[in-house]
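Structural overview
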Amino acid sequence: MKRRNFLQILTLTAPSLLTGCGHLGKLCAHCFAPSTSSTHDQPLDFAETQSLKSSEEKALPKNVKLDQQSRSHYFDRDFPDDIYARGAELEILQRLARKIGYIQSYVGHGHFNILGWDEMIRFAAYAPGLSPFSTEEKAYLEGLFYAEARRYGFMGEKIFKELSHGVSKGHAYKVPYSGHYLKKGASLELYEKLRSDVGDQLVLTSGLRALAKQFHLFLEKARETGGNLSRASRSLAPPGYSFHGRGDFDIGMIGLGLENFSDRFADTEVYQKLIELGYVDIRYTEGNLLGVRFEPWHIKVES
Ligand SMILES: [Zn+2]
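Please read all numbers here as calculations on a predicted model, not as lab measurements.

Cut-offs and rules
Along each chain, the written sequence defines residue order, and numbers are assigned to residues from 1. Per-residue local features of the predicted model are confined to residues with pLDDT of at least 70, and side-chain atom pairs are confined, for both listing and counting, to 80 or more; whole-chain, interface and lining totals are unaffected and use all residues. Computation of side-chain values: all heavy atoms of the structure, hydrogens and water removed. When two rings of Phe, Tyr or Trp (its six-membered ring) have centres within 6.5 Å they constitute a pair, described as stacked for plane angles under 30 degrees, edge-to-face for angles over 60, and tilted for the intermediate range. Only DSSP runs of H or I with at least four residues qualify as helices, and only runs of E with at least two residues qualify as strands; both kinds are numbered from the N terminus onward. When a residue's accessible area, from a 1.4 Å probe over protein chains only, is under 20% of the maximum for its type it is buried; when over 50% it is exposed; and in between it is partly exposed. A positively charged side chain is recorded as over a ring if its NZ (Lys) or CZ (Arg) lies within 6 Å of the ring centre. The angle to the ring normal must also be within 35 degrees. Ligating atoms shown are N, O and S within 2.8 Å of the metal, or 3.2 Å for Na, K and Ca, and water is not included, meaning a site may look less than complete. When four donors show all angles between 85 and 135 degrees the site is tetrahedral, when four or six donors have opposite pairs over 155 degrees and all other angles between 65 and 115 it is square planar or octahedral respectively, and in every other case it is irregular. The span you would expect from a helix comes to 1.5 Å times its residue count less one. Contacts described as polar in this section are N or O atom pairs within 3.5 Å, which, within protein, must combine one atom able to donate a hydrogen with one able to accept it, while residues neighboring in sequence count only if both atoms come from side chains. Whether two strands pair comes down to DSSP finding at least two bridges between them. Contacts were defined at the residue level, with two residues in contact if any of their heavy atoms lie within 4.5 Å. To obtain each axis, a line is fitted to C-alpha atoms, and for helices this fit is confined to the stretch in contact; angles are then taken between N-to-C directions over 0 to 180 degrees. With a 1 Å grid laid over protein atoms only, a set of points is called a cavity when a 1.4 Å probe fits there but cannot get out and a pocket when it is open yet has protein on both sides within 12 Å along at least five of seven lines; lining residues have an atom within 4 Å of a point. Grid points are joined across faces, edges and corners, and a volume is the space filled by probe spheres set on the points. Note that Gly is not counted as nonpolar here; it falls among the polar residues with everything else outside the nonpolar set of Ala, Val, Leu, Ile, Met, Phe, Trp, Tyr, Cys and Pro and the charged set of Asp, Glu, Lys and Arg.

Some details on the packing of aromatic side chains
Each aromatic ring pair is summarised here by two numbers: the centre-to-centre distance and the angle between the ring planes. Considering all chains together, one arrives at seven aromatic pairs under this definition. Relative to F215, the ring of W117 has its centre 5.8 Å away and its plane inclined at 45°; by these criteria the two rings are tilted. Taken as a pair, W117 in helix α5 (residues 117-126) and F215 in helix α8 (residues 211-224) lie far apart in primary sequence, 98 residues in all. Assessed through its relative accessible area of 8%, W117 is described here as buried. According to the relative accessible area criterion, F215 is buried, its value standing at 0%. Above the plane of the ring of F243 lies R283, whose end atom (NZ or CZ) is 3.5 Å from the centre.

Topic: the coordination of the zinc ion
Metal coordination angles have textbook ideals: 109.5 degrees for a tetrahedral set of four donors and 90 or 180 degrees for an octahedral set of six. Summarising the metal site, the zinc ion is bound by the protein donors H244 (NE2), D250 (OD), D250 (OD) and H298 (ND1), whose distances to it range over 2.0 to 2.7 Å. Around the zinc ion sit four donor atoms, and with donor-metal-donor angles ranging over 52 to 155° the site reads as irregular. Site description for the zinc ion: donor spacing in sequence, H-x5-D-x47-H. Neither residue differs from the other here; H244 and D250 are each classed as buried.

Quick word on helix α3 (residues 87-107)
Here α3 is 21 residues long and its end C-alpha atoms lie 30 Å apart, about the 30 Å a rise of 1.5 Å per residue gives. Every buried residue belonging to α3 is among L90, I92, L93, L96, A97, K99, I100, G101, I103, Q104, Y106 and V107, and all of these are buried. Taken from the residues just after α3, G108 is the one with a positive phi, measuring 100°.

Some points on the side chain of Q104
Along the chain, Q104 falls in helix α3. Relative accessible area serves as the criterion here: at 3%, Q104 is assigned to the buried category. A distance of 3.2 Å separates a polar atom in the side chain of Q104 from a polar atom in the side chain of H216.

What about the sheet that holds strand β6 (residues 249-253)?
Taken together, three strands build an open sheet; the order of strands is β5-β6-β7 and the sheet is antiparallel. Two strands close off the open sheet at either side, each with one partner strand: β5 (202-206) and β7 (298-299). Pairing analysis gives four bridges linking β5 to β6, with the strands arranged antiparallel. Along β6, the bridge assignment pairs L202 with M253. The strands touched by helix α7 (residues 186-198) within the sheet are β5, β6 and β7, with β5 carrying the most contacts at an inclination of about 145°. Where helix α10 (residues 269-277) meets the sheet, it contacts β5 and β6, and its direction lies at approximately 125° from that of β6.

Points about empty space enclosed by the protein
Taken as a whole and judged by the stated rule, the model has two cavities of 30 Å³ or more. Taken as a whole, the largest cavity holds about 80 Å³ of empty space. Every residue lining the largest cavity is counted, 13 residues in all, and those nearest its centre are R209, L236, A237, Y284 and E295. When the residues that make up the lining of the largest cavity are grouped by side-chain class, the tally is six nonpolar, five polar and two charged. Space inside the second largest cavity adds up to approximately 30 Å³. As for the second largest cavity, its lining consists of F160, R209, A210, L211, Q214, G240, S242 and G245. Grouping the constituent residues of the lining of the second largest cavity by class yields three nonpolar, four polar and one charged.

Let's talk about the pairing of strand β4 (residues 180-183)
Relative to β4, strand β3 (residues 172-175) is paired through four bridges, and the arrangement is antiparallel. By the bridge assignment for β4, Y173 is matched with L182. Counted along the chain from β3 to the antiparallel partner β4, the turn is four residues long, and its residue Y177 has a positive phi close to 65°.

What follows is the structure, given as structure tokens:
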């Protein structure tokens, strides 16, 4: 299928999705710098792995308790009881990470955020240079989705219970210049309130995310950690478990770039102001018991 035909289908199914990122010649929320080149049509997504790559591998300190608080604190290190994808499983995981990443490039980063399972399967069959998902690949993804994430240490709640569950495109609002969507209602209202109280320094770094995006993020993180599913799940909710599917969103400070997804964000004026204002509820607090890293940038929305 040609991209033009794909866009025609999108126009028919979701006209509001075609507003485009629109950050060409504007301030790009992905690189937080004036955008002058068309390469920004496919911006780097800061939510890709939700963390800076550490330049040096750090070992777990000796005598660390193997409890949830330690896992949250040392989220980016290997624990002795971590669960890995190995051998053939690792190969298929790596292949799927590439494949879904390609679908994201084909669909466009903005639109990919709200792409459901069925659409993802369909686009693999149509995108030039890609082959349809094989029975084995689909079985792996289904297995990953339906398996209890607790088996590799993620204790959070499941948001999408079925693969067919997704985000309602009619309820998705594309936030100008961000490349991201917010759920209309409580999420959008909270974001607008944050912007009006904190100022334009506050930017949206990730919004509404459906299953294709969460598969992509999780598989990329698992690939980056050499197949360590436990370590991946300490940085990113496994597919089906992300509150980004329900309305939570991530914010950052303009100019901080990738470090918006690091502890440094907690030192910024934006974060300090949010705390002073007192209405921001952080989903993954410091030393939480869910086995998830501290995420000061992740805003909880009750919906
Ligand atoms: Zn988040």
